[in-house]
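Here is what each chain is made of, one letter per residue.
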Amino acid sequence: MRRNGSLQLLGRLAAVLAIVVAAVAVGELVGAQLRAAREQLLAGQAAAASGAPPPTATTNATRAPKSTPTATPEVSPSIAPAATDPLVFPTASPAAAPNGALLLSGTVTAGGAPVRAAQIMVYPSNSLNHGPTPVPPEAAKTTTDDRGFYQVTLPPGVYRIGVFRDYTGQTRSIDGFYPITWYGDAYAIGFGKDLTIAGNVTSANISMLRSVTVGGRVIGRDGVSVPNAQVNLSKMFGGIQYPLTGGMTDRTGSFTLTTVAIPMTLGVQASGRTTAAWTTIDLDLRGDRTDLVATIDRGNIVTGTLRDASGRPLADTDFGVSPSDSQVSCLSCSARTDGAGHFALTVPSATVRFQTWGQPNQPALVSTQYPVNGDTTLDPVLKAP
């Protein structure tokens, strides 16, 4: 009996020892995993800070949201909208984030292909970040890898996320796709969706929107082309008219703008003879539109050659026209001469001066007054005041 009791005691001691050994082994394994996760996260943050692609941690394959041309209600980011673009298939699951931070990951595609080295920026969702230009500092940022995959860590909260092909040159179309698209469906952050981070999110995929060309002519009601008219594209969202892009008509009244394929409004403004002249055209852009004609009650078209005191043409020079009457509206009274000093612009009926703006080692110049009351040709002579 005593021998059996001793054997049972030894057996219990062996079992306890085995449990302890197993617990230590599991602790070491978990600790190694946590250290690896932390090292991977730090490596990703360092890569993002240096501009290099992040580590190759990936997420389960999800579909990219379909680009929708109108504002859409908020959705849970864990349910990705249906997509028409091909899928990008990452090959592994993301590592757990340390210290209670949550993982946000997804893919960036353009035309169904992954976008490498896209700049990802995540901003808190607030009144300052519901417009085309987000307000720093960003909550997180990184770049996509060769598969278009990105991953960042964030505390719980509500965010807006965007992808840039070139953050410093957002007005340029790159590879046929517009350089900025915000999570959900949009060209600018004001048209995107709030992204609620309450747990790990692996479906914040972004499909960049294709760029399109918008062009045409601005003419007066008499059919005469209007040079130097202001043209701009904008979109109404939430009661706010957000500007998208803009420019000026050339000497022939023609303009060309690059934008993104969503519904928007083309606005045209120029000087009328007595008041501002303007018109708008609503567009539902699904492709290039280069046949637009905008008609306004135009002002006076003034053409000629800008010259200095010696009679030399002022080539490639920025200049402006100032009416002597401060009550006269002049919306298209700044222009630039071409390589031969020629110019064309639209001004109101008024007495005006031509002037340049001072530059380093180059003083400002000003002309005498010229009365304008109809289409005319002038060769203004500008001198130092």
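Coordinates for the structure precede this section.
Residues numbered from 1 in each chain as written. Predicted model: local features only at pLDDT ≥ 70, side-chain atom pairs only at ≥ 80, totals over all residues. Heavy atoms only, no water.

A. Molecular detail of the nonpolar core. Membership of the largest hydrophobic core comes to 23 residues, with the highest contact counts inside it found for Val-218, Leu-233, Leu-266 and Val-268. Those elements giving two or more residues to this core turn out to be strand S10 (211-220), strand S11 (230-237), strand S13 (254-260), strand S14 (263-271), strand S15 (276-284) and strand S16 (289-296). Counting residues per element, this core draws most heavily on S14, at 4 residues. Beyond its immediate stretch of four places on either side in the chain, Leu-266 contacts Val-231, Asn-232, Leu-233, Phe-255, Thr-279, Thr-280, Ile-281, Leu-283 and Leu-292. One finds Ala-110, Val-122, Leu-195 and Ile-197 within the second-largest nonpolar core, a separate group that totals 21 residues. (Core = buried A, V, L, I, M, F, W, Y, C linked by side-chain atoms within 4.5 Å. Buried < 20%, exposed > 50% of the residue type's maximum accessible area, 1.4 Å probe, protein only. Helix = DSSP H or I, 4+ residues; strand = E, 2+ residues; numbered from the N terminus. Contact = heavy atoms within 4.5 Å.)

B. How the structure looks around the environment of Arg-165. Locating Arg-165 in the fold gives a position in the loop between strand S6 (157-164) and strand S7 (180-182). For the pair Arg-165 and Ile-120, spaced 45 residues apart in sequence, the C-alpha separation works out to 9.1 Å.

C. Here's a closer look at the sheet that holds S13. Taking strand neighbours across the sheet as the criterion, the 3 strands line up as S13-S10-S16 in an open arrangement whose pairing is mixed. Bordering the open sheet on either side are S13 and S16, each of which pairs with just one other strand. Each neighbouring strand pair of the sheet contributes to a mean axis angle of 30°, computed without reference to strand direction. In the sheet, S10 pairs with S16 via 6 bridges, with the strands oriented parallel. The partner of Val-218 across the bridge, within S16, is Ala-294. (Pairing = 2+ DSSP bridges. Axes fitted to C-alpha atoms, helices over the stretch in contact; angles between N-to-C directions.)

D. Quick look at the pairing of strand S1 (residues 102-110). Along S1, 9 of the 9 residues are buried, which leaves the element largely enclosed by surrounding structure. Examined bridge by bridge, S1 and strand S5 (residues 149-154) share 6 bridges and lie antiparallel to one another. Within S5, the residue paired with Leu-103 across the bridge is Thr-153. Relative to strand S9 (residues 206-208), S1 is paired through 3 bridges, and the arrangement is parallel. Note that in S9 the partner of Thr-109 across the bridge is Ser-207. Here S1 runs beside strand S2 (residues 113-114); their pairing, made up of 2 bridges, is antiparallel. The residue of S2 that forms the bridge with Ala-110 is Ala-113. Between S1 and S2, which pair antiparallel in sequence order, lie 2 residues; one of them, Gly-111, sits at a positive phi of approximately 65°.

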